[in-house]
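Fold and geometry: a report
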Amino acid sequence: QVQLVESGGGLVQPGGSLRLSCAASGSIFSINAMGWYRQAPGKQRELVAAITSGGSTNYADSVKGRFTISRDNAKNTVYLQMNSLKPEDTAVYYCNADVNSGSYYIDYWGQGTQVTVSS
């Protein structure tokens, strides 16, 4: 089994910053892509940012230039640095990882962490 544990969410004023972390643990042979998704009330879950094991990144247009995704492969951890936050960034943020436990890759999700941007 594999667990993804997120941390770092909270309440922040517009223009502020937050850093999310997600650590994968359990039966892990290798991790391919890792990413962050978010879901606002009444909306579908959407990709925020993703990063491959080699460090290639992909961002939603709405966060380009404000958010930065990074990972520490030795710690099986992915980060999301969020700057210049806007009220429309308010959502539950979910970590995702494509994990190989020895046979094939399986998609895993974290439990979600709330990010609220409000004055």
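See the structure printed just above.
Residues numbered from 1 in each chain as written. Predicted model: local features only at pLDDT ≥ 70, side-chain atom pairs only at ≥ 80, totals over all residues. Heavy atoms only, no water.

1. Notes on the state of the cysteines
Note: disulfide means a covalent bond formed between the sulfur atoms of two cysteine side chains. The criterion, for reference: The criterion for a disulfide is a pair of cysteine sulfur atoms lying within 2.5 Å. Helical segments are the DSSP runs of H or I of at least four residues, strand segments are the runs of E of at least two, and each set is numbered from the N terminus. Relative accessibility thresholds used throughout: buried, under 20% of the residue-type maximum; exposed, over 50%; partly exposed, between the two (1.4 Å probe, protein chains only).
Counted by the stated rule, this structure contains 1 disulfide. In this model Cys22 forms its disulfide with Cys95; the gap between the sulfur atoms is 2.1 Å. Taking the sign of the torsion about the S-S bond as the criterion, the disulfide between Cys22 and Cys95, at about -80 degrees, is left-handed. On the criterion of sequence distance, the pair formed by Cys22 in strand β3 (residues 18–26) and Cys95 in strand β9 (residues 91–100) is long-range, its members being 73 residues apart. Of the two residues, Cys22 and Cys95, both sit in the buried class.

2. Considerations on unusual backbone geometry
The phi dihedral of Asn76 falls on the positive side, at around 50 degrees, and the residue is not glycine. Even without being glycine, Ser84 reaches a positive phi, approximately 50 degrees. Mapping Ser84 onto the fold places it in the loop between β8 (77–82) and β9. On the basis of relative accessibility, which here comes to 40%, the residue Ser84 falls in the partly exposed class.

3. What to know about the packing of aromatic side chains
Test applied: Here the aromatic set is Phe, Tyr and Trp, taking the six-membered ring for Trp, and pairing holds for ring centres within 6.5 Å; pairs whose planes are under 30 degrees apart are stacked, those over 60 apart are edge-to-face, and all others are tilted. Cation placement over rings: the criterion is NZ of Lys or CZ of Arg within 6 Å of the ring centroid and within 35° of the ring normal.
As enumerated under the stated definition, the model contains 1 aromatic pair in all. Ring centres of Tyr37 and Trp109 lie 5.0 Å apart, and the angle between their planes is 65 degrees; on these two criteria the pair is classed as edge-to-face. Of the two residues, Tyr37 is situated in strand β4 (residues 30–39) and Trp109 in strand β10 (residues 105–109); the sequence distance between them amounts to 72 residues. On the basis of relative accessible area, Trp109 is assigned to the partly exposed category, the value being 37%. In this arrangement the basic side chain of Arg19 is found over the ring face of Tyr79, its NZ or CZ atom lying 4.1 Å from the centre. Sitting over the face of the ring of Tyr94, Arg45 holds its NZ or CZ atom 3.8 Å from the ring centroid.

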